[in-house]
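One-letter residues, chain by chain:
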Amino acid sequence: LRSSYGIDGAVNKGVNGHGQTVAIIDWYVSPTLYSDAAEYASKNDPGHPLAPSQYSQYIFPPNTALEGPDDCDASGDFSEQSLDVEATHAMAPGAHILYVGASDCQDSSTDQALNYIVAGRLADVVSNSYGDLGEDGIAADEIQAFNQIVTEGALEGISINFSSDRKSVV
């Protein structure tokens, strides 16, 4: 992965994310998230293992008003969560990874997870890896709340990114 992006040489010279924290947000959490990522690193990049000290997580208590992780097929996301942590570590093997699991798959909960990171200045980079279940009908107050959080993040120098599997037409 590093070679594909032309950064393998930089990483080998020590420019590897050391001193930086990358936060990843998704719904809930895979029960084997750290162990999956650590095993992946040991098999595919043994020179850069994922040490326990490089990984932490904060998981909001599940929202009991909903059915729980089955409400949005969160377990179907577990492999993507592993992929996110694995790819982050592969690209920045010296960085600390903070995984934050939202309490459910509602916009307000993922916003709460993002705000937790931004308000606490807990990361330098945030990678959001969830889709909006109601992309076509997002309430105005929800958009305003999200915009306020990302504006604060920008003012704090936090890079906030989203994955995308769609092609946009402009």
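Preceding this paragraph is the structure being described.
Residues numbered from 1 in each chain as written. Predicted model: local features only at pLDDT ≥ 70, side-chain atom pairs only at ≥ 80, totals over all residues. Heavy atoms only, no water.

Engineer: Which residues make up helix H2 (residues 33-44), and what values do they have?
Structural biologist: Since one α-helical turn is 3.6 residues long, residues separated by three or four positions face the same way. With 12 residues, H2 extends 17 Å between its outermost C-alpha atoms, agreeing within 8% with the 16 Å of an ideal straight helix rising 1.5 Å per residue. Listing the buried residues of H2 in full gives Leu-33, Ala-37, Ala-38 and Ala-41. For H2, the arc enclosing every buried residue in end-on projection is 120°, short of the 170-degree limit, so these residues lie on one face. The secondary structure elements touched by the buried residues of H2 are strand S2 (55-59), helix H3 (78-91) and strand S3 (96-102). (Helix = DSSP H or I, 4+ residues; strand = E, 2+ residues; numbered from the N terminus. Expected span 1.5 Å × (residues − 1). Buried < 20%, exposed > 50% of the residue type's maximum accessible area, 1.4 Å probe, protein only. Arc of directions from axis to C-beta. Contact = heavy atoms within 4.5 Å.)

Engineer: Got a sec to walk through the pairing of strand S4 (residues 125-128)? Specific residues and values, please.
Structural biologist: Where burial is concerned, the two faces of S4 differ: the one with Val-126 and Asn-128 is buried and the one with Val-125 and Ser-127 is not. Looking at chain direction, strand S1 (residues 21-27) and S4 are connected through four bridges and run parallel. Bridged to Ile-25 within S4 is Asn-128. Strand direction decides the pairing type here: S4 and strand S5 (residues 159-162), joined by four bridges, are parallel. Within the sheet, the bridge partner assigned to Asn-128 lies in S5 and is Phe-162. (Pairing = 2+ DSSP bridges.)

Engineer: If you had to explain the packing of aromatic side chains to someone new, which residues and values would you point to?
Structural biologist: Throughout the structure, instances matching the rule amount to five aromatic pairs. On the basis of an interplanar angle of 80° and a centroid distance of 5.7 Å, the ring pair of Phe-60 and Tyr-116 is categorised as edge-to-face. Taken together, the positions of Phe-60 in the loop between S2 and H3 and Tyr-116 in helix H4 (residues 107-119) put the pair 56 residues apart, joining distant regions of the chain. Owing to a relative accessible area of 8%, Phe-60 belongs among the buried residues under this scheme. Given the relative accessible area of 31%, Tyr-116 is considered partly exposed. Taken together, the ring pairs connect Tyr-58, Phe-60 and Tyr-116 into an aromatic cluster. (Phe/Tyr/Trp six-rings, centres within 6.5 Å; stacked < 30°, edge-to-face > 60°.)

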